Structures are given as structure tokens and as C-alpha cells.
Amino acid sequence: MSNEKLPRVAERLFDWYCGHAKVDDLRGDMEEVFHRNVETVGYRKAKRIYWRQVLSLIFSYAIRKRKISSSNHPLSSTSTNPFDMLGNYFKVGYRNLMRHRYFTVLNIIGLAIGMSVSLLIITVFISAGNYDEFHVNKKKIYRVLTTTSEKKDYASAPAILGEKLKEYPAIKEVIQIDRSLYTEEPLPKLGIPVFGYYVDPTFLSTFTFPLAVGDAKTALSKPNSVILTESRAKEVFGDVDPMGKSISINHIPHEVTGIMKDYPLNTHFQFQAIAPYDVIKENQLDVSVNDQWSKFESHYVYVLLNEGQNPSKLQEHLDNIAADVYKSNPDFKATFELQPMKNFTPGPELYNDIGPEWSYASFVIAGGIAALILLPACFNYTNISIARALKRSKEIGLRKTLGGMRAQIFAQFIAETVIVTVISLIGALGLFFLIRGEFQAMMAYGGSLNMDLTLELSFWFLVFAVLVGFLAGFFPALHFSRLNPIDAMKNNMSSKLFSGVKIRKALVVFQFALCLFFILSMVIFNKQYRYAMSFDLGFNEENILDVDLYQVNPDIVKNEFSKLPFVQEVSFSSSTMGHGVPSTWSKLEGKTDSLETFFMFVDANFIGNMDLKLLAGKTFDNTDKRETSVIINETMMKRLAFAGPSEALGQYVRVDTLSLRIIGVIKDFHFWQLHAPPGSFFFRSNPDKYHLANLKVVTNDAQSAMIEIENTWKRISNGGVFTSHFLSDATAGAFDNYITMMKILGSLGVLAVSISCLGLLGMVVYTAESKTKEVGIRKVMGASRWSLAFLLSKNFLKLMLIASLFALPITLLLDKALTGMDHYRVAITFLDIFSGLLIMFALGIATMASQTWRTASINPAETLKYE
Amino acid sequence: MKTYLGEFEELVLLTIATLGEEAYGVAIKDSIELRCDRSISIGALHSTITRLEEKKFLRSWVGGATAERGGRSKRYYEITKDGKAALSTAKSLRDQLWSEAKINLSLQK
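Every value quoted in this text rests on a predicted model; they were computed, and no experiment measured them. (Residues numbered from 1 in each chain as written. Chains lettered and ligands numbered in written order. Predicted model: local features only at pLDDT ≥ 70, side-chain atom pairs only at ≥ 80, totals over all residues.)

## Quick notes on the overall build of chain B
No. 1: Counting its regular elements, chain B contains four helices and two strands.
No. 2: Along chain B, helices and strands appear, N-terminal first, in the series α-α-α-β-β-α.
No. 3: Across the 109 residues that make up chain B, the buried fraction comes to 27%.
No. 4: Of all intrachain contacts in chain B linking residues separated by at least 6 positions in sequence, the fraction that spans at least 24 positions is 46%. (Helix = DSSP H or I, 4+ residues; strand = E, 2+ residues; numbered from the N terminus. Buried ≥ 20, exposed ≤ 12 C-beta atoms within 10 Å, placed from the backbone. Contact = placed C-beta atoms within 7 Å.)

This is the structure we're talking about:
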């Protein structure tokens, strides 16, 4: 090897040109050739060749490419480890967050609150997606949906379609399901309702519902057999072995031939018993089973495809069937659609669900609500970050001057936000655990959801936190990465900084409008709830205890209960007063116009017991064992065009095959809830139809009275189940939806208000911080604390006022919407709105005062010395 | 995938193949110059190598340094599966054209 030196200028030129690009190997190659050339062709020529090589490389694609790949990478650096820079972002981000602890804590609390609701929705979505996972055949199971020409989608399908599909070769099994199995009288123990499905025997081999006792192959092959779930069988039969015992379903005795292991709750099926499908056919239990293509209320068709079969072929077949069958029917058209089991939940919105359904539509609504809570929290972060840009501009200017690319600055700020959101996730999880139980209890089928924190769920939570980081950090990152380094270093950013002011103001207004909306709707609901609770329904609901009769003879019940000293009165009725009643069609004898009439079966004492007012006539005669008479209400009297109560008496009303004499007219009362005024109604009297004994209990010791009543009942019914409720409790229970609504609105309101206040706090702290000097000077010039505190908060007060202007019309709209829900409404007054406003302003001013007052109180000598 | 190979690209690929484990910049250049009896510029060679790497016909790794290179490391190259496929496509095209040539391409009289 020669000892000659490489041409220095060429070497320098090459190094300068290549910069950070990795060209070590090329330098080595050239040096190797150079030393060889020195020995073979001499130093001068070798130098010339070296120069030529340097130039040829400088102009070559190879170097250009290496330079590009070395410099344009956001993670690039001169070091060999590409993650160093990312590590640096996190380190700088961490230091920054630690230095501004106050804002960090504000942001983390705000984001944690904002994210908590979203975590709930994510959990429900993931959990709903894991429904029916336990079915071994899940991938091959489909169900047939029916879409009618009115564009309604049903989960159910005509029974005859199932029969027709059984001939199709690609299908291994057709499973017909009918959900009309329901009984209240499963002996030996009364009062435990059993509901379930009539199914084809293939149900057990298709779906994975293993039996604890009995043979799955033969259990449903007997004509009147039934399989109960383990827990329900225990409730009905106790410790007695239920196998071979008989229970009555829809008045037909069924023999228990199997006990099913309790199945996981996260399935779209919900049943406690299954019985063979043939029972319906033989007993004509369901109209839809008669060969009809237009009736399919409670009937479902599932299919199990053979291995490797393409469902699109079957879909074509279904299309052909629909086209063929409905061709000749001018009144009714429908199409069928095959839905794979994995799309059941979450799935499209369907009518006639067989069990729990989690429709996309409901997730969109829930997601929208979650976003209403989450977005303001993100806004807060964005707001505070951009507002504080001034403090960080020097850092960014320096980074840019030292070669930081736009993408790198962007990545840095996103990384910083992601740190915040991931920490917030921990707080959000805490809240999540706190509200999970309540949330689950409030939701229909909530119990069937698995809301445990699984590994899968944790993963999605983390993904969500990172996404929120991107969302909240996007605008600050964009803002910072766009800064001009010269302006940033010179602190000459006034123009840039104030470009965001309008957006920030709009965000604050939006937040407070949202808060106000929640607060006012709470006020409205609360008022309506109180109004409904104290509404005079037109009958006495105090001290009335309803006891379920089951099959016990009413006469005995009355005898025995009347003996108790604290029972003043006993009457009988077919349903709970004021809680939904059946309807029928009736008309005046000799007239043709039918009237939809609601009714209850009651005995003679009922009217007195409930303090109902007879306008004319008398009550029923208890000695009458046949149904001969009715007592109509005022509304019905008017609809039947009688001038007065006395005119109606003695007239006859036709109901089905009966001709009933009007023996009384009763003052209108609210036999259903307040969503509409009372309609036409009559009381009928038929001892066979009584379900409840209404006991008027007057006592000072309700507890011992209840025990005595229960003991009496046990004696009468030979140890049957005792079910009772006070009428006033039932009435209050009817307003549960108000309570649920208020709970939801209340918790959302609390979340929204906290987030807004945190955001406001952040903004006020920032304003106060950046104006300390101004405040100091003003104070020296003689300004009072009060005027200074006002000066600092007046802009925010203005924004809150604007927010009120936006929120009020929206709330009035909500009020209008509620009118549709309830006929009897209490009007919202100026006072209600005023109290809502007062709450919000009080919260807002308290938040601001905590900071502005402090700033205004600082000794000006300190603030002015500060710089 | 487009597997078009230029004449020089093919030459470089085949040379790297002949060099086996010793295929680094200088060796490739020397080998081509020796066989073809023509002088090639280092810039052109590395541009071609870069393009072949972009097409995923080559992969490279940094190997040991020697004193004669001023202590600088060598970058070794190796043909990838895609590279082999491209070469064989080029070869079969050529073979086909040879076999179907309408005139006698043999140089012997």
C-alpha cells in the first residue's frame, strides 16, 4: 500500500456534497483504487483518476438517492439509531409536561373525563361484536331477513319459506324458530314465567347449546317435550329432579326431556325453554304458520350451510323465490336477504328481534353523544396549547434553525399529545370502572355484555388514546410546525398567534352552549318528573296492595284476606290500575260504527276501592256470575253521542258476541300514562278474568301487615309464590324512564360542565399569566382589585352570554320534542331558564374568580420586578 | 412485475453472481473492466447498482474494513430471488430469439 495522501480538495468536496448520506463504502472503494493506481500508474495519474471518480459520483444517481434517503426521514439523525429522535421527542415532551404541571394536570383531568364515556361505548361495541362466538358453526350459520315493500327490515321470515328451503341442496339444516312459547303457569310452582322458542330439533346440533341432562339427539323428538335451562328448571322445580315432569305451556302439557346447561349471555338468542316446532303446527298456535307468505311476526328461519358452500348462490335462490311468490300478490311484496351470523351483532336495525340487538344506528347515536363529551376535552387541549405557543416558539425556532424539518416538529408535538392522552387513559379507566355498573344496569340487555377489561379491549383502548392524541394534537402540531423560525426566534409572532383567536372563542362558546343545553334539559326533565308524580290520575293509589292471584279461587282469597283486621276492602281486577290495558272493538247495539275501547275486568268493590266517581248508575252485582253489564267512562259516553250520563244507562253495547247493558257512567280517569288523554274505556265484570286482588291496607305497621298477608297467602295457595306490589310504587315505577333520562342527562351534564370549567380555567390562567405585567402597571396607577378581576374575566363573560343565546333556542326545541312524548306537560317558565343560566354563570364565575382574584391581588412590586 | 433489464444492468447482475461472496464495489468494477475490456465510471456503476437495489434485484450489507481502504468498510452485494427471476427471464427471451432466428447466427462457415 502506498503512503501517498488522497487529494484533499477532492476529498473535502465529496464529503461536503454528500453531507449525512452514508457513503463510507464509496470512499473506501475510491481509496482502494487510488492506492493501487499510485503503484501501477503513478501518483499524478492516480490523483487525476480520483478526481474523476469523485466528480462522476457527485453527478451520479447513486449519491442523490443516498442523500434523499438519509435526510428526508422524520426519524433521521446523524446517529445510526433511528429511534433516538423519537426518544428525544418523548424526553422533551415529558420535561415540558413536568415544567408546566398545572396545565398538564388540567389537560389530563379534562381528557380523562372526556374519554371515559367513549370507553364505555367502545366496550359495548367490542362486546357486542363478540356475541355468539361460542357457536362452533358460527361461520356457516345464516338467517333470512325479510324486507317488505314499505322498506321495513325484519329479522323474522315466513314459516313457509323455511319449508321451501329444506329442499335446497346446499343447505345442511334449516332451523325454524318461533318465539311464541310463553307460560305463566309452569307447575308445580306458580308465578315463574317461562318463555322461549319452538324450534326444529336441528337447533341443538346447529347452535352450541349443550345439554346437562338428556340426549340432544332425541330430546326434542317426542311430540310434547320441552327442554329447560338449568337455572330456570331449578327455580320451577327446586331440588326435585325435573326430568319426566310435566309443565303446562300455552295450556298444553309438556314433558321435560332435557336440561340445558346455562348458556353464555352474550348471544342474540334469549330463552329459558325450547319445545319442538311441531307443537305449533299441530295446535295452530300461531297464525303465521298457516301457509302464508305475508305473516311472519314471531317466526325465524336460520340455515346451516354445507362446508364450503357459497352463500351468494343461496341468495340468488331466495331472490327467485321472492319474485315467484309475491308476483301474484298485489297487496304485499317482500324480498329475502341472507345475513351471516357474524353480522348479527352489531348489525343493521331490524324489526322483530329475537333477542338482544345492537344496531349500528344506536351506536351512531351513542357515539355522537360520546363525541359531544370527548370533543370539548380535545378542544381544551388544542386551545391551551395554541394559546401558549408564545412560550414554546423559541424552542421551535431553535429546532428549525438547527435543521428540524416540518414533519419532525409535527411528530414532536403529536408525540407530546400522545403522552398526555395515554396518561389520561389511566384516569379515564378509573372513571370507566366507576360508572360501568350503573351504565350496564341502565341498558336493556346490559347484563349480557362482557364489560371486563380484556386484553383485546385494552388494546383498543390504547389505540383509542393514541387516536385522541392525534385528534387533540393535530392543530397545535400543525400550528407549530408552520412557524417561521426567524419570527419565532424574534418573538415576532403577533400576527400568527392571533389568527387562532376566533376559533378559540368559537370553541369556548360551543362548550358553554353544550353545558347550558345539558343543564336546562335536566331542569326540564326534573320539572316534568315532579309534575307527573304529583299528577291527579283520577283514582286513589294510596294504600292499595295488588296481590297476584295466579290460579287461586277469588272467593277464597277474599274470604281469607277480609279476616285480617287491617284489610279494609278487597276487590279484584284483571290488570294493574293505570298501567296499560287491552283494547277491543265495541259498538252501540244497532249502530255500525265501531269504537276502539280499552277495558279492565273488575268486581263490584273495585270502583269504591279506587275512589272512582260514578256520574250515574251503579256498580256491578257480585252475585252475577255471567258477564252482562259494563260501566263506561265519560269519553266513551261522549263518543257514543249521549247527551248526558243518564241517557246512556240501559243502552246495550256489543262486544264480540256479547251484548252488554250499560249500568253506569264513570268520571274520566287516567288508565294509562300521561302521553295521551284518556280514550274510550269500560269496566267489565267476569270472575274468570281476575288476575289481581286489590287490598286496601290501612295500618301503622306496614311491615308486620305484609308478613301476615304473605302468611295468609301461603296458606290459601298451598305454598305458592307471593307476588305483590303497592299501586303507588307501580305508578312511580312508570316514571322510571324520567329517572333514567335524568341520570343520563345529569351525568353527561356533570361531565360536560367539568370539562368546560377546566377549559375555562386553563384559558383564564393563561390570560392572567400573560397579563401579570399589565395588571401590575394598572395597579400602580390606582386600579382596584375588583376592576382588575373584572378586566381579566370580562371577555369570557361575554363568550358565556353568547353561548346562552345559542343554547336557549335549542332547549326550547327540546321542550317542543318532549310535548310529543307526553300529552300533559308542564310549561317551562322564564324562572327555569333563569335558574339554568344562573347555575352555569355561577360555575363559570367561580372558576374564573379563583384565578383572576389571585392575579389581581399580587403585589405590583413583585410582578414588575419579575422582568 | 416489470422485469425489464438493461444491458449494463444485466452485466452488473451477472458479474455480481460470478463474484459470489466477494462482490463489492471495486471488485465488481475490476471484473467488468477485465471481461469487457472497457473502462466504466464508478458513478455509472453505482447508479446502476442503486437502481437494481430499488428494483429489489440486489440486497447489500456493510462488511469489514481493511487498512488499504483507509479503514473504511466495504459494501457487499448479493442477488435476490427477484434478481434471479429477472435474469432468467432475460436469458430465456434471448435463448428463444436465438433458437427462432431465421438466419444462421453461427459464426463458423
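Picking up after the structure, the text goes on.
## As for the nonpolar core
No. 1: With 144 residues, the main nonpolar core has Ala273, Val301, Phe512, Cys515, Leu516 and Ala752 of chain A as its most contacted residues.
No. 2: Of all hydrophobic cores here, the second largest spans 42 residues; its members include Phe561, Phe599, Val653 and Ala693 of chain A. (Core = buried A, V, L, I, M, F, W, Y, C linked by C-beta atoms within 7 Å.)

## Considering unusual backbone geometry
In terms of backbone geometry, most residues other than glycine have negative phi values and most peptide bonds are trans.
Residue and element names in this part refer to chain A.
No. 1: Residue Pro346 follows Thr345 across a cis peptide bond; omega there is -15 degrees.
No. 2: Looking at the element boundaries, Pro346 is found in the loop between strand 11 (334-340) and helix 12 (360-387).
No. 3: One non-glycine residue, Asn543, lies in positive phi territory at about 65 degrees.
No. 4: Summarising the element assignment, Asn543 is placed in the loop between helix 18 (501-533) and strand 12 (544-548).
No. 5: In this structure Asn543 comes out as partly exposed when scored by C-beta crowding, with 18 C-beta atoms within 10 Å.

## Quick notes on the sheet that holds strand 22 (residues 724-726) of chain A
All names here are of chain A.
No. 1: On the basis of which strands lie adjacent, the open sheet formed by four strands has the order 13-21-12-22 and antiparallel pairing. Looking at the sheet topology across the chains shown, the edges are occupied by strand 13 (567-573) and strand 22. Put simply, the sheet's adjacent strands are angled 25 degrees from each other on average, direction ignored.
No. 2: Across six bridges, the pairing between strand 13 and strand 21 (residues 692-697) is antiparallel. Paired with Val570 across the strands is Leu695, a residue of strand 21.
No. 3: Where helix 19 (residues 554-562) meets the sheet, it contacts strand 13 and strand 21, and its direction lies at approximately 165 degrees from that of strand 13. (Pairing = 2+ DSSP bridges. Axes fitted to C-alpha atoms, helices over the stretch in contact; angles between N-to-C directions.)

## A closer look at helix 9 (residues 230-237) of chain A
Residues and elements named next belong to chain A.
No. 1: Among all positions in helix 9, only Arg232, Ala233, Val236 and Phe237 are buried. The arc that holds every buried residue of helix 9, seen down its axis, measures 110 degrees, which confines them to one face.
No. 2: Against the buried residues of helix 9 lie strand 4 (194-199), strand 6 (225-229), strand 7 (246-249), strand 8 (252-260) and strand 9 (273-276).
No. 3: Within two residues after helix 9, Gly238 carries a phi angle of roughly 65 degrees, on the positive side. (Arc of directions from axis to C-beta.)

## Points about the confidence of the model for chain B
No. 1: Per-residue pLDDT for chain B averages 86, and the proportion of residues at 70 or more is 96%.
No. 2: Model confidence for the complex: the whole-complex pTM is 0.70, and ipTM, which rates the interface, is 0.88. (pLDDT = per-residue confidence, 0-100.)

## Quick notes on the pairing of strand 15 (residues 595-601) of chain A
Residues and elements named next belong to chain A.
No. 1: Of the strand pairs in this sheet, strand 14 (residues 583-588) and strand 15 are connected by four bridges, and their pairing is antiparallel. By the bridge assignment, Ser586 is partnered in strand 15 with Leu595.
No. 2: Between strand 14 and the antiparallel strand that follows it, strand 15, lie six residues; Gly590 among them carries a positive phi value of about 95 degrees.

## Considering the environment of Phe681 of chain A
Residue and element names in this part refer to chain A.
No. 1: Along the chain, Phe681 turns up in strand 20 (residues 681-684).
No. 2: Phe681 sits in the buried class, given 23 other C-beta atoms within 10 Å.
No. 3: Spatially, the C-alpha atoms of Phe681 and Phe598 are 4.6 Å apart, while their sequence positions differ by 83 residues.
No. 4: Apart from residues no more than four positions distant in its own chain, Phe681 is found in contact with Thr597, Phe598, Phe599, Asn633, Thr635, Met636 and Phe671.

## Concerning the interface of chain B and chain A
No. 1: At the interface, 20 residues of chain B touch 20 residues of chain A.
No. 2: Counting residues per element, the ones that place at least two in the side of chain B that touches chain A are helix 2 (25-36), helix 3 (42-54) and strand 2 (73-79) of chain B.
No. 3: The class makeup of the residues in the side of chain B that touches chain A is six nonpolar, eight polar and six charged. (Nonpolar A, V, L, I, M, F, W, Y, C, P; charged D, E, K, R; others polar.)

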